[in-house]
Amino acid sequence: MATLTGAGISAESGVPTFRGPGGLWRNFRPEDLATPEAFARNPNLVWEWYDWRRSLIAKAEPNAGHRALAELESRKAGKFWLITQNVDGLHDRAGNRRIVKLHGDIWTVCCVGCGAEKRNVQVPLAPLPPRCECGGMLRPGVVWFGEMLPAKALEQAYAIAQRAEVFLVLGTSSVVYPAAALPRIAFDHGARVIEINLEPTELSSLAHISLRGKVGELLPQILTGAR
Ligand code: BV8
Ligand code: ZN
């Protein structure tokens, strides 16, 4: 069994989604800020956005949807994988360990000078942009639009999708590739694809079951019923 999660699973923890209400920041769209070009043009602006998100995430707690996935991993003992597009780290804090992070981690920073990568949980970050010991500028350790996903994580995600018998798609608009290709890969390899989303998505017509509602409410009910 495997799952692909998106920003919707963290919405009930108070973390804004990308394309829903509240996803904008100072009227910027994520696609305007989450790019190497935006960072090159105005690193301070991009860092202000990430610093704002980090401050929200630092105050957020995993919700019932995150906890249900941690429960699923402990029940499935070694037969469950969680693939996430999210960078907030809430799945780790909920207790999942078998996690494939497709788009990186907002609590990791990388030096554009020497390439050093380290964990940084300072909130707020000051001064912006943060600097490496080598004097180089640090960037958020996430995958931006137009950047390749980490090859190992993507390969692992493809292999998981090909093997899954049940593939849960939770709280994602299924518009960002190549992550959005995973449910179709699972489907083409015979998996039962089950979606939970507040609204119909690009995936809904393909999914065997597409449930309308909050992940934090429906997933725990499914787990209770599945005992
Ligand atoms: C790449 C990290 C190779 C940073 C993000 C085809 C193949 C390959 C690439 C492309 C392609 N077509 C287009 C592309 C380019 C692009 C892309 O997909 N663009 C889209 C916009 C069309 N892809 C890329 O650039 C990727 N790179 O493929 O490299 C390459 C290189 C050069 C040229 C070509 C190819 C890199 C993509 C990664 C970008 N980084 N984030 C950060 O976080 O700051 S993407 C960003 O979107 C987040 O990671 C987010 O997770 C992701 C997807 O969004 P969702 O998670 O789905 O969130 P969203 O707000 O959209 O939806 C939330 C959903 O939840 C909604 O449906 C809502 O109804 C629902 N919901 C809300 N609350 C709840 C709920 N559901 C249930 N319960 C609730 N309570
Ligand atoms: Zn450095």
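The following paragraphs examine the structure supplied in this document. None of the values given here were measured: they were computed from a predicted structure. One numbering rule holds for all chains: residues counted from 1, following each sequence as written. The lettering of chains begins at A and the numbering of ligands begins at 1, in the order of writing. Only residues with pLDDT of at least 70 get local features here, since the model is predicted, and only at 80 or more are side-chain atom pairs given and counted; chain-wide, interface and lining totals rely on the full set of residues. Each side-chain value is derived from all of the structure's non-hydrogen atoms; neither hydrogens nor water enter the calculation.

## Some words on the coordination of the zinc ion (ligand 2)
Right, so step 1: Only N, O and S atoms count as donors, using a 2.8 Å cut-off from the metal and 3.2 Å for Na, K and Ca, and because water is excluded some sites may appear unfinished. Bound to the zinc ion (ligand 2) are the protein donor atoms Cys111 (SG), Cys114 (SG), Cys132 (SG) and Cys134 (SG), situated 2.2 to 2.3 Å from the metal.
Right, so step 2: Key to geometry: four donors with every angle between 85 and 135 degrees are tetrahedral; four donors are square planar and six octahedral where opposite donors lie over 155 degrees apart and all remaining angles lie between 65 and 115; all other sites are irregular. Coordination at the zinc ion (ligand 2) is tetrahedral, judged from the four donor atoms that bind it and the angles of 102 to 119° they form at the metal.
Right, so step 3: For every residue, the accessible area (1.4 Å probe, protein chains only) is compared with the maximum for its type, and the residue is labelled buried under 20%, exposed over 50%, or partly exposed between those bounds. For Cys134, a relative accessible area of 47% puts it in the partly exposed group.

## As for helix H4 (residues 43-59)
Right, so step 1: Helix and strand assignments follow DSSP, with helices taken as H or I runs no shorter than four residues and strands as E runs no shorter than two, numbered in order from the N terminus. Expected span of a helix: the number of residues minus one, times 1.5 Å. In this model H4 runs 24 Å from its N-terminal to its C-terminal C-alpha over 17 residues, within 8% of the 24 Å that 1.5 Å per residue would give.
Right, so step 2: Here H4 has its buried residues at Pro43, Leu45, Val46, Trp47, Trp49, Tyr50, Asp51, Arg53, Arg54, Ser55 and Ile57.

## With respect to the sheet that holds strand S9 (residues 209-212)
Right, so step 1: Across the sheet, six strands lie side by side as S3-S2-S1-S7-S8-S9; this open sheet has parallel pairing. Because the sheet does not close on itself, it has two edges, and the strands there are strand S3 (99-101) and S9. Across the sheet, the axes of successive neighbouring strands diverge by a mean angle of 15°, strand direction being ignored.
Right, so step 2: Sheet topology note: the strand S1 (residues 2-5)/strand S7 (residues 166-170) ladder contains four bridges and is parallel. Its bridge partner being in S7, Thr3 is matched across the sheet by Leu168. Two strands pair if DSSP finds at least two bridges between them. Axes, fitted as lines to C-alpha atoms, cover a helix only where it is in contact. Angles between the N-to-C directions of the axes lie from 0 to 180 degrees.

## Comments concerning the pairing of S1
On a regular strand, each side chain points to the face opposite its neighbour's, so the side chains alternate between the two faces of the sheet.
Right, so step 1: Neither face of S1 is open: one carries Ala2 and Leu4, the other Thr3 and Thr5, and all of them are buried.
Right, so step 2: In terms of strand pairing, S1 meets strand S2 (residues 81-84) through four bridges, oriented parallel. Pairing of Thr3 across the sheet is with Leu82, part of S2.

## Side note on the site of ligand 1
Right, so step 1: Taken together, 37 residues lie around ligand 1, and Arg19, Tyr50, Arg53, Ser173 and Asn197 are the ones closest in.
Right, so step 2: Two N or O atoms form a polar contact when they lie within 3.5 Å of each other; inside protein one atom must be a possible hydrogen donor and the other a possible acceptor, and for residues adjacent in sequence the pair counts only when both atoms belong to side chains. Between an oxygen atom of ligand 1 and a main-chain N or O atom of Phe18, the distance comes to 2.7 Å.
Right, so step 3: Gln85 has a polar backbone atom sitting 3.1 Å from an oxygen atom of ligand 1.
Right, so step 4: Here the Shrake-Rupley method, with its probe set to 1.4 Å, supplies the accessible areas, and only the displayed protein chains count as covering residues. For ligand 1, the accessible surface in isolation is 1,500 Å², of which the surrounding protein chains cover 78%.
Right, so step 5: Within the residue set of the shell around ligand 1, elements represented by two or more residues are helix H1 (8-11) and H4.
Right, so step 6: Ranked by the residues each element gives to the shell around ligand 1, the list is headed by H4, at three residues.
Right, so step 7: Under the convention adopted here, Pro, Cys and the residues Ala, Val, Leu, Ile, Met, Phe, Trp and Tyr are nonpolar, Asp, Glu, Lys and Arg are charged, and Gly plus all remaining residues are polar. Across the shell around ligand 1, the residue classes tally to 18 nonpolar, twelve polar and seven charged. Near is defined per residue: the residue qualifies when any heavy atom it owns lies within 4 Å of the molecule or strand.

Function cannot be inferred from these measures alone, as they are strictly geometric.
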